[in-house]
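Here is how the chains run, residue by residue.
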Amino acid sequence: QVELVESGGGLVQAGDSLRLSCSASGRTFSSFAMGWFRRAPGQEREFVSGISGSGSAVYFVDAVKGRFTISRDDAKNMGYLQMNSLKVEDTAIYLCAVSFQPDPWVVPTNLGSYDYWGQGTQVTVSS
């Protein structure tokens, strides 16, 4: 059982930065992979970025590659998504999730691989 709470969303201008945080409680966070998804207006939830249980393997979709950075601080049971050079098309509800992937070097990239989800935090980017 893992409880996840996101924070850090808000209203920003294109080109600005935000750091989203994901606070985890319950089962040991360091044992599992963590991912970020987003649901844009009128679209389904999509994978954005993930980090393996070891923290050494990461993955980003092409739309955010080079602009976003994912990290984790297992001592604090926290995960982060640093978003730089934000674009209007980044506007979405962002959700963090954890996956019970036993391989510490694997980054799950599909929605069905994730077992627990936060409620999401709204990111709105204006031009």
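Here's what I pulled together on the structure shown here. These figures come from a predicted structure and were not determined experimentally. (Residues numbered from 1 in each chain as written. Predicted model: local features only at pLDDT ≥ 70, side-chain atom pairs only at ≥ 80, totals over all residues. Heavy atoms only, no water.)

With respect to the pairing of strand S4 (residues 33-39)
Link 1 in the chain: Most of S4 sits out of view: 6 of its 7 residues are buried.
Link 2 in the chain: Taken together, the 7 bridges between S4 and strand S9 (residues 92-99) define a ladder with antiparallel strand orientation. Within S9, the residue paired with Phe37 across the bridge is Leu95.
Link 3 in the chain: Sheet analysis places S4 next to strand S5 (residues 46-51), joined by 5 bridges and oriented antiparallel. Counted as the bridge partner of Phe37 is Phe47 from S5.
Link 4 in the chain: Here S4 folds back onto S5, and the loop between the two strands holds 6 residues, one of which, Gly42, carries a positive phi near 75°. (Buried < 20%, exposed > 50% of the residue type's maximum accessible area, 1.4 Å probe, protein only. Helix = DSSP H or I, 4+ residues; strand = E, 2+ residues; numbered from the N terminus. Pairing = 2+ DSSP bridges.)

As for the state of the cysteines
Covalently bonding the sulfur atom of one cysteine to the sulfur atom of another cysteine gives a disulfide.
Link 1 in the chain: In this structure the tally under the stated criterion is 1 disulfide.
Link 2 in the chain: Covalent S-S linkage joins Cys22 and Cys96, the inter-sulfur distance amounting to 2.1 Å. One quick way to see it: the torsion about the S-S bond of Cys22 and Cys96 is about 65°, and its sign makes the bridge right-handed. Of the two residues, Cys22 sits in strand S3 (residues 18-26) while Cys96 sits in strand S9, which places them 74 residues apart along the sequence. In this pair, the class of Cys22 matches that of Cys96, namely buried. (Disulfide = S-S within 2.5 Å.)

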